[in-house]
Amino acid sequence: MSSDLSSDNNGHLILGGVDSVELAHKYGTPLVVYDVGEIRDQIKRFKSNFDLSGLKYQISYASKAFATVAMYQVLKQEDVHTDVVSGGELYTALKARFPADKISFHGNNKSLQELEMAVDNHIGVVIIDNFLEIKLLKQLLEEKSANIDVMLRLTPGISAHTHKYDQTGQVDSKFGFDVESDQATKALEQVLEIPQMNLIGIHAHIGSQIFGVEGFEMLAKKMVDISAQWKKQFDFVPKILNLGGGFGISYTDEDEPIGPDVFIDKIISTIKENVKKQSLPLPEVWIEPGRSIVGPAGYNLYTVGSRKDIPDMLSYVNVDGGMGDNIRPALYQAKYEAVVANKMNQNIEEEDHIAGKYCESGDILIDRQALPKTEPGDIIAMLDTGAYGYSMASNYNRNPRPAVVFVENGKDKLVVKRESYEDLVRLDESYI
Ligand SMILES: Cc1ncc(COP(=O)(O)O)c(C=O)c1O
Ligand SMILES: N[C@@H](CCCC[NH3+])C(=O)O
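If you're wondering where the values come from, they're calculated on a predicted model, not measured in any experiment.

1. Observations regarding the overall build of the protein chain
For step 1, the next point in the chain: Along its length, the protein chain carries 12 helices and 21 strands.
For step 2, the next point in the chain: Here the C-alpha radius of gyration of the protein chain, 23 Å, is about what a compact globule of 432 residues would show, namely 22 Å.
For step 3, the next point in the chain: When the backbone C-alpha atoms are referred to their principal axes, the protein chain occupies close to 70 × 60 × 40 Å.
For step 4, the next point in the chain: A burial count over the protein chain gives 56% of its 432 residues as buried.
For step 5, the next point in the chain: Just so you have it, the protein chain exposes about 19,500 Å², and 48% of that area is on carbon and sulfur atoms.
For step 6, the next point in the chain: Of the charged side chains in the protein chain, 44 are positive and 63 negative, and the gap between their average positions amounts to 5 Å.

This is how it looks when you write it as structure tokens:
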């Protein structure tokens with residue numbers, strides 16, 4: 001949970017120097033708020049840990065955690081790379097004038113059109129995921145007489161300790177070339193034969209919301225071992241080792257995440273130690289954090305409405321959003337914490353379910369939350385919602401998706417408008 005929440009004399013939660021209750025009244029709820037200073041600070045933390053190591057590196061923000069034009073503008077200001085996983089994310093980044101050469105393109109089933117978009121816009125690197133992609137990209141590059149930098153996404157056979165849906169590095173995964181069964185070596189042989197593809201490195205991502213460093217240590221060692229094997233077999237050494245993202249954050253007191261400093265330290269020391277053993281040159285190291293950059297910076301504001309009290313059971317405090325703006329509790333049984341943004345100075349009096357307004361019994365945002373006495377009109381702020389909340393939002397039950405506001409240094413700026421009912425029917429066509 002975000003550690004230092006600040007509030008004013010009225011007991012109002014303050015975000016980025018702005019009164020969150022005023023934000024709720026000004027823009028309406030549900031409302032997604034990002035404290036941009038928190039995003040910038042976290043990027044700086046990652047950078048400073050790498051700077052100390054003396055290694056060449058890149059931080060490539062994983063767009064899927066939260067991607068809008070304004071977010072890409074902040075990333076551009078902070079001078080980091082970004083990865084995209086769809087034509088839509090790529091389009092948004094380009095609309096924001098994010099530098100194309102700092103974009104990596106991921107995806108386990110990129111379409112020909114998406115690959116064409118990547119080539120035509122001269123993006124930095126395509127992270128190739130499968131054999132069909134090698135074929136499609138080769139055809140495109142030949143047709144267009146173009147060249148592109150590529151990496152190979154490998155499935156290293158490492159199972160991260162996290163939710164099953166958040167694991168990606170185990171052998172039985174839909175992502176990447178399997179290392180164990182030699183798919184990876186076959187992919188390497190194919191790519192080395194294609195003059196239009198410049199293979200700059202290898203990539204692997206073991207999963208998301210990971211708390212232990214062991215998986216990253218195993219991954220770092222494995223990638224150096226693969227480099228050594230490929231040097232022997234093919235006289236090819238990847239210049240870049242991209243270890244993906246996955247650095248866990250704290251959503252509740254039960255979570256004990258390790259700071260970026262420890263993750264980065266371990267990754268770097270493991271790489272340094274192993275390249276020395278294998279007499280390899282020091283590689284450039286890339287990481288792709290998503291959640292750890294935007295998660296703690298995000299807050300979802302809701303207005304309290306109806307309430308259901310049941311004898312001898314927790315009451316339901318119902319709010320005006322839910323699984324449409326944050327699917328994570330329903331999908332992963334993810335836990336969050338919340339505060340009453342207009343009652344920060346009031347004592348805790350009860351424990352309640354905080355329930356959404358969607359027509360699903362599973363639409364419970366927080367199963368058990370300690371709260372002061374609440375009443376209709378109170379503003380609930382759910383904490384640490386910045387990653388995979390708005391980016392996974394839907395129009396379920398034909399609810400419009402919320403607005404997004406950035407706050408920083410006492411100022412607020414609307415960066416995504418609230419969807420309207422007209423927006424909901426904009427693409428509909430009559431049948432009769
Ligand atoms: C390839 C890749 N890179 C980076 C990420 C970002 O992960 P996280 O948001 O956990 O840092 C993901 C998501 O799991 C991913 O699939
Ligand atoms: N959407 C997931 C993480 C992303 C997984 C992508 N490989 C979550 O909210 O935890």
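2. Quick word on the UniProt feature "binding site: substrate" (unreviewed entry) in the protein chain
For step 1, the next point in the chain: With numbering matched to this structure, UniProt assigns "binding site: substrate" (unreviewed entry) to R291, R328, Y332, E360 and Y388. Taken along the chain, the residues just named run across 98 residues; in space they spread out, the farthest C-alpha pair reaching 26.5 Å.
For step 2, the next point in the chain: Along the polypeptide, Y388 turns up in the loop between β19 (379–383) and β20 (403–408).
For step 3, the next point in the chain: Taking relative accessible area as the criterion, Y388 reaches 14% and is therefore assigned buried.
For step 4, the next point in the chain: Discounting residues that sit within four places of it in the chain, Y388 has contacts with K64, A65, S208, R291, N326 and R328.

3. Some remarks on the site of ligand 1
For step 1, the next point in the chain: Taken together, 15 residues lie around ligand 1, and H205, S208, E288, R291 and Y388 are the ones closest in.
For step 2, the next point in the chain: A distance of 2.8 Å separates an oxygen atom of ligand 1 from a polar atom in the side chain of H205.
For step 3, the next point in the chain: For ligand 1, an oxygen atom lies 2.7 Å from a polar atom in the backbone of R291.
For step 4, the next point in the chain: For ligand 1, whose unbound accessible area comes to 400 Å², protein coverage reaches 94%.
For step 5, the next point in the chain: Residue composition of the shell around ligand 1, by class: 3 nonpolar, 8 polar and 4 charged.

4. Quick notes on empty space enclosed by the protein
For step 1, the next point in the chain: Taken as a whole, this structure holds 1 cavity of 30 Å³ or more when the rule is applied.
For step 2, the next point in the chain: A volume near 50 Å³ is recorded for the largest cavity.
For step 3, the next point in the chain: The wall of the largest cavity is formed by V224, S227, V237, P238, L241, V275, L280, P281 and P283.
For step 4, the next point in the chain: Split into classes, the residues belonging to the lining of the largest cavity amount to 8 nonpolar, 1 polar and no charged.

5. Some points on helix α4 (residues 87–95)
Because each turn of an α-helix spans 3.6 residues, side chains separated by three or four positions end up pointing in the same direction.
For step 1, the next point in the chain: Of all the positions in α4, only G87, E89, L90, T92 and A93 are classed as buried.
For step 2, the next point in the chain: Of the surrounding secondary structure, the elements contacted by the buried residues of α4 are α3 (69–77), β6 (81–84), β7 (103–105) and α5 (112–120).
For step 3, the next point in the chain: Just past α4, the residue R97 takes up positive phi, approximately 60°.

6. Some thoughts on the packing of aromatic side chains
For step 1, the next point in the chain: Scanning the entire structure with this criterion turns up 13 aromatic pairs.
For step 2, the next point in the chain: Measuring from centroid to centroid gives 5.1 Å for F216 and F263, while their planes differ by 75°, and the two rings are edge-to-face. Taken together, the residues span a long stretch of sequence, with F216 in helix α8 (residues 214–234) and F263 in helix α9 (residues 260–277) at a distance of 47 residues.
For step 3, the next point in the chain: For F216, a relative accessible area of 0% corresponds to the buried category.
For step 4, the next point in the chain: Note on F247 and F263: the rings are 5.0 Å apart at their centroids and 55° apart in plane angle, and the pair reads as tilted. With F247 in the loop between β12 (240–242) and α9 and F263 in helix α9, this pair connects stretches of sequence that are 16 residues apart.
For step 5, the next point in the chain: On the basis of relative accessible area, F247 is assigned to the buried category, the value being 3%.
For step 6, the next point in the chain: Relative accessible area serves as the criterion here: at 1%, F263 is assigned to the buried category.
For step 7, the next point in the chain: Over the aromatic face of F105 sits the side chain of K110, whose NZ or CZ is 6.0 Å from the ring centroid.

7. Description of the nonpolar core
For step 1, the next point in the chain: Counting residues in hydrophobic clusters, the biggest one holds 87 residues, and the most contacted among them are I128, L137, L152 and V294.
For step 2, the next point in the chain: Residues within four places of L137 in sequence aside, it is in contact with L115, V119, V126, I128, I148, V150 and M197.
For step 3, the next point in the chain: Residues A24, V33, V339 and A341 belong to the second largest nonpolar core, which totals 19 residues.

8. Here's the deal with the side chain of H353
For step 1, the next point in the chain: Tracing the backbone shows H353 in strand β17 (residues 350–355).
For step 2, the next point in the chain: Here D367 takes part through its backbone oxygen, which lies 2.5 Å from a polar atom of the side chain of H353.

9. What about the packing of helix α2 (residues 36–53) against α9?
For step 1, the next point in the chain: One way to put it is that α2 packs onto α9 with a least axis distance of 9 Å and a crossing angle of 30°. Put simply, α2 runs roughly parallel to α9. Crossing of α2 over α9 shows right-handed handedness. For the pair α2 and α9, the contacting residues are Q42, F46, N49, F50 and S53 in the first and P260, D261, I264, I268 and K272 in the second.
For step 2, the next point in the chain: Split by residue class, the contact of α2 with α9 holds 5 nonpolar, 3 polar and 2 charged.

10. Concerning the pattern of salt bridges
For step 1, the next point in the chain: Evaluated as defined, the whole model comprises 23 salt bridges.
For step 2, the next point in the chain: The closest approach of N and O atoms between K56 and E284, which form a salt bridge, is 3.9 Å. Residue K56 is found in the loop between α2 and β5 (57–62), and its partner E284 is found in strand β13 (residues 284–287); the two are separated by 228 residues along the sequence.
For step 3, the next point in the chain: Measuring nitrogen to oxygen at the nearest pair gives 3.5 Å for the salt bridge that ties E254 to K335. Here K335 lies in the loop between α11 (328–332) and β16 (338–340) and E254 lies in the loop between β12 and α9, a separation of 81 residues in the sequence.
For step 4, the next point in the chain: A residue is classified by how much of its surface remains accessible, and E254, at 60% relative accessible area, is exposed.
For step 5, the next point in the chain: Residues participating in the shared-partner salt-bridge network are R307, D309, E350, D352 and K373.

Reading the values: the criteria
- Residues numbered from 1 in each chain as written.
- Chains lettered and ligands numbered in written order.
- Predicted model: local features only at pLDDT ≥ 70, side-chain atom pairs only at ≥ 80, totals over all residues.
- Heavy atoms only, no water.
- Helix = DSSP H or I, 4+ residues; strand = E, 2+ residues; numbered from the N terminus.
- Rg over C-alpha atoms; globule rule 2.2 N^0.38 Å.
- Buried < 20%, exposed > 50% of the residue type's maximum accessible area, 1.4 Å probe, protein only.
- Areas by Shrake-Rupley, 256 points an atom, 1.4 Å probe, with all protein chains shown as cover.
- Lys, Arg positive; Asp, Glu negative; His and termini not counted.
- Charge placed at Lys NZ, Arg CZ, Asp CG, Glu CD.
- UniProt positions renumbered as here; feature names shortened; annotations may be inferred.
- Contact = heavy atoms within 4.5 Å.
- Near = heavy atom within 4 Å.
- Polar contact = N/O pair within 3.5 Å; in protein donor to acceptor, adjacent residues only side chain to side chain.
- Nonpolar A, V, L, I, M, F, W, Y, C, P; charged D, E, K, R; others polar.
- 1 Å grid on protein atoms, 1.4 Å probe; cavity = no way out; pocket = protein on both sides within 12 Å on 5 of 7 lines; lining within 4 Å.
- Points joined across faces, edges and corners; volume = space filled by probe spheres on them.
- Phe/Tyr/Trp six-rings, centres within 6.5 Å; stacked < 30°, edge-to-face > 60°.
- Lys NZ or Arg CZ within 6 Å of the ring centre and 35° of its normal.
- Core = buried A, V, L, I, M, F, W, Y, C linked by side-chain atoms within 4.5 Å.
- Axes fitted to C-alpha atoms, helices over the stretch in contact; angles between N-to-C directions.
- Parallel < 35°, antiparallel > 145°, perpendicular 65-115°, else oblique.
- Left-handed = near helix turned anticlockwise from the far one by under 90°.
- Salt bridge = Lys/Arg side-chain N within 4 Å of Asp/Glu carboxyl O.

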